[in-house]
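# Breakdown of the fold
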Amino acid sequence: MTDVRLDTFAGLQTVVSHRTRRTPPCGEAYGFSGHQTDLAACAAAIRKGSKSFHLAAMILPRETRQAAQALYAFCRHADDLIDDARANQKALDQLHDRLDQIYLGRPAAYPCDRAFARTVKTYAIPKAVPLALLEGFAMDISNRCYRTIAEVKGYATCVASTVGLMMSLAMRTGDPNALARAADLGIAMQLTNIARDVGEDARNGRLYLPMDWLEDAGVDPENFLKSPRFSPALGTVVRRLLAEASRHYRLGHVGIEVLPPDCQPAIRTAALVYEEIGVAVAENGYDSVSHRARTGLTKKLSLMLRARRVTLGGPTCNTGLLDEAPDPATASLVSMAARSFAEAPRAAGVGRADPDRFLSIMMRLQSDARDDRRFRRLTAREKAASLV
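Residues numbered from 1 in each chain as written. Predicted model: local features only at pLDDT ≥ 70, side-chain atom pairs only at ≥ 80, totals over all residues. Heavy atoms only, no water.

A ring pair, where both rings are aromatic, is described by two values, the distance of the centres and the angle of the planes. Scanning the entire structure with this criterion turns up four aromatic pairs. Measuring from centroid to centroid gives 5.5 Å for Y146 and Y155, while their planes differ by 45°, and the two rings are tilted. The exposure classification of Y146 matches that of Y155, with both residues buried. Judged by centre distance (4.9 Å) and plane angle (35°), the ring pair of Y155 and Y208 falls under tilted. Residue Y155 is found in helix α7 (residues 149-170), and its partner Y208 is found in the loop between α9 (198-203) and α10 (211-217); the two are separated by 53 residues along the sequence. Note on Y208: relative accessible area 4%, which makes it buried. (Phe/Tyr/Trp six-rings, centres within 6.5 Å; stacked < 30°, edge-to-face > 60°. Buried < 20%, exposed > 50% of the residue type's maximum accessible area, 1.4 Å probe, protein only. Helix = DSSP H or I, 4+ residues; strand = E, 2+ residues; numbered from the N terminus.)

Set out below in structure tokens:
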């Protein structure tokens, strides 16, 4: 269900074969044009299957955007394999093998694997971080339930904070406090996903809400999984989860303030879009069983503008929160990521974004939305005509 882990990413690659194909070591052997082809494949798949991430990534500086697309493409592809109804331990074992080969510089013959291999090498992303992502997938396969909110955050760390940590390293940001806040933002986003997807997850036999919270509210977890229905008692648990997410969003926004200025609008856009999902859940009376909260393109564009205005206006958060200790669930990964960054050779800073790019992106998104509406209207007319 992960969904920082967003929507779907089928279409980039087919299901992994039993015998994983190999390519020459990444880098010079594959060539510059091949790397660009891989990046284009990653970008195309994300554009099709992950609207929110695509929107945020579009306004990153070019170098960072390409790294983000590469790492997210691998995570998205791996997540889709595990989300497949036929997924089992064998599929997870294959992902572990592919990750091993990526870190040996011999990625499997998939665009996302090759692009990710170059990214982890360029930005000194320690293997422990994507390995934790696979640990989260193991929890999904086992349909694990979570007794406490601390255990839920442990899961969120694996499937979402890992992405935040890798993104921070791709932005050349490795200060321990900044990494801790990136991990907080990952937790916040994943808690939001869980709140939004309660009904969908339950219908798939999965439950991510803390069991002790459900029991406190008088909700029987087994009965709910057998017959997922909304109740006011369940709504109190969802509301409580979103309140916990809100605390981590506050910490996450503090971390955004210390990112490279040209990266801040993109990450702030992603954070605001996810927070808006929580708002939509609340507006539905915390009923995410009968309804699935959504945010439309118009709202996303307004949040993107808001994110840019905030960045141009300077610091807005209580920067004293920057020094707060990392959540216990994330502390180990934060420490490893910070150490890897400190030991890596220094590289050039993040490139500057084109100031005209922001306007062109908004115009293109609006144009795409109009084209989509026209296509849906035309399809509806053709269907109606065929019934006459």
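Interhelical geometry of helix α4 (residues 89-103) versus helix α6 (residues 128-141) gives an angle of 175° and a closest axis separation of 10 Å. The angle between α4 and α6 falls in the class roughly antiparallel. Of the residues in α6, those in contact with Q89, L92, L95, H96, L99 and Y103 of α4 are P130, L131, L134, F137, A138 and I141. The residue makeup of the contact of α4 with α6, split by class, is 10 nonpolar, two polar and no charged. (Axes fitted to C-alpha atoms, helices over the stretch in contact; angles between N-to-C directions. Parallel < 35°, antiparallel > 145°, perpendicular 65-115°, else oblique. Contact = heavy atoms within 4.5 Å. Nonpolar A, V, L, I, M, F, W, Y, C, P; charged D, E, K, R; others polar.)

All right, on to the side chain of E276 then. Inspection of the secondary structure puts E276 in helix α13 (residues 264-283). The buried charged residue E276 lacks any salt bridge partner; its closest oppositely charged side chain belongs to K299, at an N-O distance of 4.1 Å. Not counting chain neighbours up to four residues away, the residues in contact with E276 comprise T295, K299 and L303. (Lys, Arg positive; Asp, Glu negative; His and termini not counted. Salt bridge = Lys/Arg side-chain N within 4 Å of Asp/Glu carboxyl O.)

Once that is clear, we can look at the packing of helix α3 (residues 62-83) against α4. Helix-helix packing is described using two parameters, namely the angle between the two axes and the distance between the axes. Interhelical geometry of α3 versus α4 gives an angle of 160° and a closest axis separation of 10 Å. The angle between the axes of α3 and α4 places the two elements in the roughly antiparallel class. The chirality of how α3 crosses α4 is right-handed. Taking contact as the criterion, the partners of F74, H77, A78, L81 and I82 in α3 are, on α4, L92, L95, R98, L99 and I102. Of the residues contributing to the contact of α3 with α4, the split by class is eight nonpolar, one polar and one charged. (Left-handed = near helix turned anticlockwise from the far one by under 90°.)

Right, let's get into the side chain of Q66. With respect to the helices and strands, Q66 occurs in helix α3. Judged by its relative accessible area of 17%, Q66 falls in the buried class. Excluding its chain neighbours within four sequence positions, the residues that come into contact with Q66 are Q36 and L39.

Most peptide bonds take the trans form, and the phi angle of most residues other than glycine is negative. One non-glycine residue, A124, adopts positive backbone phi at about 55°. On the secondary structure map, A124 appears in the loop between α5 (111-122) and α6. With phi around 55°, N143 is a residue other than glycine that occupies positive phi space. Considering the arrangement of structural elements, one finds N143 in the loop between α6 and α7.

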